[in-house]
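# Topology and contacts: notes
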Amino acid sequence: TVGDAVPPAQRSSWISFLKSIASFSGDLSSMTAPPFILSPVSLTEFPAYWCEHPELFSAISDAPDSERRAIAVLKWFISTLRAQYTSRTETMGSEKKPLNPVLGELFYGHWPDENGRGRLDLLVEQVSHHPPVTAYCMENRSKGLLFCGHNGQKTSFSGGSIIVKQVGHAVLKVKLADGNTEDFLITFPRLRIDGLWYGSPYIELVDTSYIISSTGSVCTIDYKGKGYFSGKSHSFKANLSVSAPMHATYAVEGLWHMQSKVAASSGSALAKGDPFFDATAPQEDVTAVGGEDNGEMGEFETRRLWEKVAKGIREGDFEMASREKTKIENEQRQRRRDEAAAGTKWPLKHFEYMPSDETYEWLGAVVRITPSTEEGYRFVGNWPASMTKD
Ligand code: CLR
């Protein structure tokens, strides 16, 4: 029945939360939700999920040709899905409502070099508050890999589930041995948040996302839940077509949070029946170093900014959490008023707004992407000095 997984004292507030979602579409992140569903982690920390498999990211640069590079990019992409979309359910029992970042909120982290994979750096900035947009960059300098993107969400309600359309895209730039660069445009799947009625939301991925490269490889990834393809939830099927060095097609299918295998192959890089990726296999050390004070973070570094709110949520002191959250929000409102009065705008620290993104338009056109154009955020290249030392 409704609210089975909800603490009895919060059931009525869970039901009114659901009602307000149902009658409203737009920015979910700013809606007040009952305490049991709150997560102490801000959305600015989510881009760290892209770094969960540093060894697979680094392997992209070791691929000898664009065919094998396209396969390496697909493998790395699939390897990030489990953390991106199931980790809250795994660690906290259900999907939770993350903290809604403030404009200018920052998160920095790095993954140390292990086994020759090279050091991986991550930088995240909240570049818009209304609507919320998070921009990020991840770089493995020694391997010549730079991945930058931005994310927003458009939410609606349908058939008892929240549908989240991810607005935004990412571009991976791979520096090749011959001095050229190969670009990959990466788009994101759509999310359906199920299990709301019982108070134990979880994510299912639906629809299609793409990985399209400047050497002509196109990968279409279809996501299905229970009752499609394999009948199991978290199913996907990826169709990859490469044109260099020779034309070849591959299909990969399976469960993105478990195992996948090669379902079809016309080329020599993968054979039908080969295992592709196992998300349940033990991993090499991926200890992240995140939220450390590198001397340039100040009051907008996410873990410092939300410290007391997060503590309140973790320890069940929701009065403190909400008092501290109100403080942050009021302070933000005051800043916006002051800026309006002074005719100034909050300066972004690491990104530059672009009304349209050439790489998105150019590579997206290959699959007639919709929308055909999208805004972008260009990383201005200013890694904090302390992050570029070793
Ligand atoms: C952010 C970008 C990441 C992938 C990702 C995973 C989970 C998504 C999150 C994104 C956006 C915000 C999100 C969240 C799941 C729940 C949460 C949609 C896309 C919403 C705002 C909260 C809904 C509240 C229910 C849990 C009741 O790469």
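Interaxial distance between helix α2 (residues 54-62) and helix α3 (residues 66-92) falls to 8 Å at its minimum, and their mutual angle equals 170 degrees. Here α3 runs roughly antiparallel to α2, going by the angle between their axes. Contact residues: α2 offers Leu56, Phe57, Ala59 and Ile60, while α3 offers Arg69, Ala72, Val73, Lys75, Trp76 and Ser79. Classifying every residue of the contact of α2 with α3 gives seven nonpolar, one polar and two charged.

Averaged over all residues, the pLDDT of the chain is 93; the fraction at 70 or higher stands at 96%. Overall fold confidence (pTM) sits at 0.96, and the ipTM for the predicted complex is 0.98.

The element strand β5 (residues 133-140) is extensively covered by neighbouring structure, given that eight of its eight residues are classed as buried. Bridge count for strand β4 (residues 120-128) against β5 is seven bridges, and the pairing is antiparallel. Among the inter-strand pairings, Asp121 is bridged to a residue of β5, identified as Glu139. From the end of β4 to the start of β5, which pair antiparallel, there are four residues. Bridge analysis of β5 against strand β6 (residues 145-158) gives seven bridges, and the strand direction is antiparallel. Residue pairing for β6: Thr134 is matched across the bridge by Asn151. Connecting β5 to the next strand, β6, in antiparallel fashion are four residues, including Gly144 with a positive phi near 70 degrees.

Let's shift gears to the packing of helix α5 (residues 307-315) against helix α6 (residues 318-342). Running from N to C, α5 and α6 point in directions that differ by 160 degrees, and their axes come no closer than 7 Å. As summarised for this structure, α5 and α6 are arranged roughly antiparallel, according to the angle between their axes. Relative to α6, α5 is oriented so that their crossing is left-handed. Seen from α5, the contacting residues are Lys308, Val309, Lys311, Gly312 and Ile313; seen from α6, they are Phe318, Met320, Ala321, Glu324, Lys325 and Ile328. Its residues assigned to classes, the contact of α5 with α6 comprises six nonpolar, one polar and four charged.

To continue, consider the environment of Leu363. Looking at the element boundaries, Leu363 is found in helix α7 (residues 358-364). A sequence separation of 148 residues divides Leu363 from Thr215, and the C-alpha atoms of the two residues are 10.0 Å apart. The contact partners of Leu363, leaving out residues within four places of it in the chain, are Asp183, Phe184, Leu185, Ile212, Ser213 and Ser214.

Looking now at helix α1 (residues 11-22). With twelve residues, α1 extends 16 Å from end C-alpha to end C-alpha; this agrees with the ideal 16 Å at 1.5 Å per step. Among all positions in α1, only Trp14, Phe17, Leu18 and Ile21 are buried. For α1, the buried positions fall inside an angular range of 100 degrees around the axis, keeping them on one side. Turned more than 90 degrees off the buried face of α1, the exposed positions are Ser12 and Lys19. Turning to α1, the residues buried within the fold contact β6 and β7 (161-175).

Let's shift gears to the nonpolar core. Soluble globular proteins tend to bury their nonpolar side chains together. With 67 residues, the main nonpolar core has Trp76, Phe77 and Phe147 as its most contacted residues. With ten residues, α3 is the single largest residue contributor to this core. Apart from residues no more than four positions distant in its own chain, Trp76 is found in contact with Trp50, His53, Leu56, Phe57, Ile60, Met138, Phe147 and Ile186. Leu106, Val127, Cys137 and Met387 belong to the second largest nonpolar core, which has 13 residues in total.

Attention now moves to the side chain of Ser209. Turning to its location among the elements, Ser209 is positioned in strand β10 (residues 202-213). At a separation of 2.8 Å, a polar atom in the side chain of Ser209 contacts the side chain of Tyr223. Beyond its immediate stretch of four places on either side in the chain, Ser209 contacts Phe77, Thr187, Phe188, Pro189, Cys219, Thr220, Ile221 and Tyr223.

Parameters and conventions
Residues numbered from 1 in each chain as written. Predicted model: local features only at pLDDT ≥ 70, side-chain atom pairs only at ≥ 80, totals over all residues. Heavy atoms only, no water. Axes fitted to C-alpha atoms, helices over the stretch in contact; angles between N-to-C directions. Helix = DSSP H or I, 4+ residues; strand = E, 2+ residues; numbered from the N terminus. Parallel < 35°, antiparallel > 145°, perpendicular 65-115°, else oblique. Contact = heavy atoms within 4.5 Å. Nonpolar A, V, L, I, M, F, W, Y, C, P; charged D, E, K, R; others polar. pLDDT = per-residue confidence, 0-100. Buried < 20%, exposed > 50% of the residue type's maximum accessible area, 1.4 Å probe, protein only. Pairing = 2+ DSSP bridges. Left-handed = near helix turned anticlockwise from the far one by under 90°. Expected span 1.5 Å × (residues − 1). Arc of directions from axis to C-beta. Core = buried A, V, L, I, M, F, W, Y, C linked by side-chain atoms within 4.5 Å. Polar contact = N/O pair within 3.5 Å; in protein donor to acceptor, adjacent residues only side chain to side chain.

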